[in-house]
Amino acid sequence: MSREGPNWEGLLKWSLSHADGTNTSRNLRVYIFHAGLSEEDRKWFMEAMQGQTIDVIKRMKEITLVMKTPEQVLESQGVTPQDIEDMLDELQEHVESIDNAYDLHSIGGLAPLLGYLRSSHPNIRAKAADVVSTVVQNNPRSQELVMEANGMEPLLTNFTSDPDVGVRTKALGAISSLIRHNKSGIAAFRLANGYTALRDALSSESVRFQRKALNLIQYLLSENRSDIGVISELGFPRIMMHLASSEDSDVREAALRSLLVLARDRSEKPVTSGEDDDKLKQILQDRIKGISEMSVEDLGAAKEERELVDSLWKACHNEPSPLFEQGLLSLPGEDAPPPDVASQYFQPPLRALAADRIPDPKPENEKKEAPLLLGPGASA
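Residues numbered from 1 in each chain as written. Predicted model: local features only at pLDDT ≥ 70, side-chain atom pairs only at ≥ 80, totals over all residues. Heavy atoms only, no water.

(A) Structural view of the overall build of the protein. Helix and strand content of the protein: 23 helices and zero strands. Out of the 380 residues in the protein, the part that is buried amounts to 38%. Counting only contacts in the protein whose residues sit at least 6 apart along the sequence, the fraction spanning at least 24 positions is 69%. (Helix = DSSP H or I, 4+ residues; strand = E, 2+ residues; numbered from the N terminus. Buried < 20%, exposed > 50% of the residue type's maximum accessible area, 1.4 Å probe, protein only. Contact = heavy atoms within 4.5 Å.)

(B) Geometry of the nonpolar core. Counting 81 residues, the largest nonpolar core has Phe159 and Leu198 as its most contacted members. Those residues in contact with phenylalanine 159, other than ones at most four positions away along the chain, are Arg168, Ala171, Leu172, Ile175, Phe189, Gly194, Ala197, Leu198, Ala201 and Phe209. (Core = buried A, V, L, I, M, F, W, Y, C linked by side-chain atoms within 4.5 Å.)

(C) Geometry of the pattern of salt bridges. For the coordinates displayed, the defined rule picks out 16 salt bridges. Arginine 257 serves as the salt-bridge partner of glutamate 304, at 2.5 Å between the closest nitrogen and oxygen. Taken together, the positions of glutamate 304 in helix H21 (residues 303-317) and arginine 257 in helix H18 (residues 249-264) put the pair 47 residues apart, joining distant regions of the chain. For glutamate 304, a relative accessible area of 36% translates into the label partly exposed. With its nearest N and O atoms 3.3 Å apart, the salt bridge here joins lysine 314 to aspartate 310. Of this pair, lysine 314 and aspartate 310 both sit in helix H21, four residues apart, roughly one helical turn. Of the residues examined, lysine 314 reaches a relative accessible area of 40% and is grouped as partly exposed. (Salt bridge = Lys/Arg side-chain N within 4 Å of Asp/Glu carboxyl O.)

(D) Structural view of the packing of helix H9 (residues 122-136) against helix H12 (residues 165-179). Two elements in contact, H9 and H12, have axes separated by 8 Å at closest approach and are oriented at 15°. Between H9 and H12, the interaxial angle falls into the category roughly parallel. Regarding H9 and H12, the two cross each other, and that crossing is left-handed. Contacts between H9 and H12 involve Pro122, Arg125, Ala126, Ala129, Asp130, Ser133 and Val136 from the former and Val167, Lys170, Ala171, Gly173, Ala174, Ser177 and Leu178 from the latter. Of the residues contributing to the contact of H9 with H12, the split by class is eight nonpolar, three polar and three charged. (Axes fitted to C-alpha atoms, helices over the stretch in contact; angles between N-to-C directions. Parallel < 35°, antiparallel > 145°, perpendicular 65-115°, else oblique. Left-handed = near helix turned anticlockwise from the far one by under 90°. Nonpolar A, V, L, I, M, F, W, Y, C, P; charged D, E, K, R; others polar.)

(E) View of helix H11 (residues 152-161). Among the residues of H11, those classed as buried are Met152, Pro154, Leu155, Leu156, Asn158 and Phe159. Buried residues along H11 sit against H9, helix H10 (140-148), H12, helix H13 (183-191), helix H14 (194-202) and helix H15 (207-223).

(F) Geometry of the confidence of the model for the protein. For the protein, the mean per-residue pLDDT works out to 81, and 71% of the residues sit at or above 70. Mean pLDDT in the protein bottoms out at helix H1 (residues 8-17), which sits at 45, and peaks at H12, which reaches 98. Every residue in residues 1-26 is under pLDDT 50, and counting partners more than four places away or in other chains gives 32 contacts. (pLDDT = per-residue confidence, 0-100.)

(G) Representation of the packing of aromatic side chains. A full pass over the atoms with the stated rule returns two aromatic pairs. Taken together, a centroid distance of 6.0 Å and an interplanar angle of 85° make the contact between phenylalanine 159 and phenylalanine 209 edge-to-face. With phenylalanine 159 in helix H11 and phenylalanine 209 in helix H15, this pair connects stretches of sequence that are 50 residues apart. Summarising the burial analysis for this pair, phenylalanine 159 and phenylalanine 209 share the class buried. (Phe/Tyr/Trp six-rings, centres within 6.5 Å; stacked < 30°, edge-to-face > 60°.)

(H) Representation of helix H6 (residues 81-94). End to end, H6 covers 20 Å across 14 residues, agreeing with the expected 20 Å (1.5 Å per residue, within 8%). For H6, the set of buried residues is Ile84, Glu85, Met87, Leu88, Leu91, Gln92 and His94. Buried positions along H6 lie against helix H4 (56-68), helix H5 (71-76), helix H7 (98-106), helix H8 (110-115) and H9. (Expected span 1.5 Å × (residues − 1).)

(I) Local environment of unusual backbone geometry. One non-glycine residue, asparagine 138, lies in the positive phi region at around 50°. The class for asparagine 138 is exposed, based on a relative accessible area of 64%. In the Ramachandran plot, asparagine 318 falls in the positive-phi region, its phi being about 55° despite a non-glycine side chain. By secondary structure assignment, the location of asparagine 318 is in the loop between H21 and helix H22 (322-325). Residue asparagine 318 is classed as exposed on the basis of its relative accessible area of 71%.

(J) Highlighting the environment of aspartate 164. Within the fold, aspartate 164 resides in the loop between H11 and H12. As for aspartate 164 and alanine 126, which are separated by 38 residues in sequence, their C-alpha atoms are 9.2 Å apart.

(K) Focus on the side chain of serine 246. Residue position: serine 246 is located in the loop between helix H17 (236-243) and H18. By relative accessible area, which is 16% here, serine 246 ends up buried. Discounting residues that sit within four places of it in the chain, serine 246 has contacts with Val251 and Arg252.

(L) Spotlight on the environment of glutamate 144. Here glutamate 144 lies in helix H10. Since its relative accessible area comes to 40%, glutamate 144 is described here as partly exposed. The sequence separation of glutamate 144 and leucine 178 amounts to 34 residues, and the corresponding C-alpha distance is 8.8 Å.

Spelled out as structure tokens, the structure:
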């Protein structure tokens, strides 16, 4: 094989490090075909790739075999919970491909994966929920398969009653992925008193758990406006008002966003009492005071919160918020287009061509030089 030209061994290592086990070999064949390589170089590279590329389906079958093996048998063979976690990490990478997510069911790996949601080790329960979330995310067919395999039940159990808040958070993330754009999943969640579990999650001390719960609530309300009355009866507005004063900016914004949805629906069905209205007004006044005391840098980062506070104030009181009066709703330069940096160095080809053809104008009063005369009769 010729050693001149590209560094084939380096390219091989790079290709393997970026391989996802699906269409890497095909892409490389296309690249090699168009690279004008010699037959000898082409043959060497493809043989090397075939010898190093992992057969993903074969590897997923091996992982499935391990997942089907009883925990006691694995322990007797020296397999530790950490080994299983690492194995699930690998499986999660494989099922990021939608095709591989489909194949997980066809090779019998979905059922034992759901079985790991009941593991005695909390880290394995959490990691299994992570894998399930990846399998069903933006994947209607996989969502259907998990629902048919009764995967919602262990996820709900872990979400509502697991003693480990990390497991509860991961289970909620998997549920969110499972029911998005999935009407049967949403119906199953509602029938299982999912809103009550979300209310309990909002009362948790885990900020991450609160964020995930708020995000799911916003999605459910956007899909089912009739649920506004349900969450009002369950006491969500008061909890959200409390979270609107959270020290975590993401929780504050999510709570304000949910309250805004409720406030805009008040014309049809009141969701707060007069006492709650006074409390909400006080909370908004406190947020406005906190925003007015922010530095310029913090004000820039709190742009969405400023807009939410103003919108919520207008929805409740039919007038602009004090942020508008103080000039804090829109900072100088926030609505301006981004600076045109590229035009300082480049200009469109047609404009550049036109600029070359048009002579530079000269002042009318500029002194004209006398023409230089050549030939007989020219003055000295």
